[in-house]
Amino acid sequence: LIDISASTANCQSDGDVCYEIGGKGKVSKESIRIAYSLVDGLKKSNEVGVVAYSDDSYLVAEPQSLSFSREAIKSKISKISPSGPSYHDLGLRGGAQLAEENDTVVMLSDGKIGSYSRSNIAFKTRNEANAMDAKLITVGMGEDPNEPLLEDIAETTEGYYLENSETGRLKF
């Protein structure tokens with residue numbers, strides 16, 4: 001589950017336009033690096049699906065065994081483009097639709113909510129996490145992630161929070 005909002009992508013958003021500040025107008029290099037590391041670190045027998053989100057969630061890659069699709073999944077991840085605000089609740093809903101009971105969902109996000117017009121985003125995000133049948137592991141992205149939100153939603157699912165430098169500790 002990859003947060004592709006403007007704040008995570010290190011860009012500023014003006015409506016539907018994302019102005020590049022650094023990188024190549026894609027998701028931050030940090031998010032790509034960690035997503036690749038997760039895909040590379042899993043066994044061939046693991047199934048992986050990818051959902052990206054900002055103001056809505058969308059399917060990047062259907063769940064599939066890594067035995068033949070590892071590079072194809074990484075290629076799809078590399079083509080994700082940043083956009084819009086962070087509606088974490090909608091991202092979690094998209095991740096939950098892809099996950100099955102007892103699965104693990106890894107959420108790469110800065111956890112920032114911003115000053116968007118949707119009210120109670122933190123509350124809605126917590127409710128979506130609570131409704132998941134999967135364990136949620138959140139990974140804080142960027143220099144100043146919203147750790148309280150990311151910790152809270154992970155713990156709601158009996159998951160846990162990691163700083164981006166700790167992703168080597170992930171256990172599946």
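Attention here is on the structure that accompanies the text. Numbers given to residues run from 1 along each chain, matching the order in which its sequence is written. For this predicted model, a pLDDT threshold of at least 70 governs which residues receive local features, and a threshold of 80 or more governs which side-chain atom pairs are given and counted, while totals over whole chains, interfaces and linings are taken from all residues. Side-chain metrics rest on all non-hydrogen atoms present in the structure, leaving aside hydrogens and water.

## Remarks on the side chain of threonine 138
A run of H or I in DSSP becomes a helix once it reaches four residues, and a run of E becomes a strand once it reaches two; helices and strands are each numbered from the N terminus. Mapping threonine 138 onto the fold places it in strand β7 (residues 135–140). A distance of 2.9 Å separates the side chain of threonine 138 from the backbone oxygen of leucine 150, its partner in a polar contact. Only heavy atoms enter the contact rule, under which two residues are in contact if any of them lie within 4.5 Å. Leaving out residues up to four positions away in the same chain, threonine 138 has contacts with Met107, Leu150, Glu151, Ile153, Ala154, Tyr160, Tyr161 and Leu162. Identification of polar contacts relies on pairs of N or O atoms within 3.5 Å, with a donor-acceptor requirement for protein atoms, meaning one able to donate a hydrogen and the other able to accept it, and with residues adjacent in sequence counted only if both atoms are side-chain atoms.

## Observations concerning the pairing of strand β4 (residues 47–53)
Of all seven residues making up β4, five are buried, and the element is well covered by its neighbours. Should DSSP find at least two bridges between two strands, the strands are regarded as paired. When strand β1 (residues 2–3) meets β4, the two strands line up parallel, connected through two bridges. Among the inter-strand pairings, aspartate 3 is bridged to a residue of β4, identified as tyrosine 53. Of the pairings in the sheet, the one linking β4 to strand β5 (residues 57–65) comprises six bridges and is antiparallel in character. Counterpart to tyrosine 53 in the pairing with β5 is serine 57. Residue burial is assigned from relative accessible area. The probe radius is 1.4 Å, only protein chains are included, and a residue is buried under 20% of its type maximum, exposed over 50%, and partly exposed in between.

## Overview of the packing of aromatic side chains
Paired rings are identified among Phe, Tyr and Trp, the last through its six-membered ring, by centres lying within 6.5 Å, and are further divided according to the angle between planes into stacked (under 30 degrees), edge-to-face (over 60) and tilted (the rest). Counted according to the given criterion, the structure contains zero aromatic pairs. Positioned above the aromatic ring of tyrosine 36, the side-chain terminus of lysine 74 is 5.2 Å from the ring centre. We call a charge positioned over a ring when the NZ of a Lys or the CZ of an Arg lies within 6 Å of the ring centre and within 35 degrees of the ring normal.

## Examining the packing of helix α4 (residues 121–131) against helix α5 (residues 147–156)
Relative to each other, α4 and α5 sit at 25 degrees, their axes nearing to 8 Å. If you check the angle between α4 and α5, you find them roughly parallel. The handedness of the crossing between α4 and α5 is right-handed. For the pair α4 and α5, the contacting residues are Ala122, Thr125, Arg126, Ala129 and Asn130 in the first and Leu149, Asp152, Ile153 and Thr156 in the second. Taken together, the residues that form the contact of α4 with α5 break down as four nonpolar, three polar and two charged. With axes taken as lines fitted to C-alpha atoms, and helix axes fitted only over the stretch in contact, angles between N-to-C directions fall between 0 and 180 degrees. Roughly parallel refers to an angle under 35 degrees, roughly antiparallel to one over 145, roughly perpendicular to one between 65 and 115, and oblique to any angle outside these ranges. Crossing handedness is defined as follows: a turn of the near helix away from the far one that is anticlockwise and smaller than a right angle gives a left-handed crossing, while the clockwise case is right-handed. Each residue gets one of three labels, nonpolar for Ala, Val, Leu, Ile, Met, Phe, Trp, Tyr, Cys and Pro, charged for Asp, Glu, Lys and Arg, and polar for the others, Gly among them.

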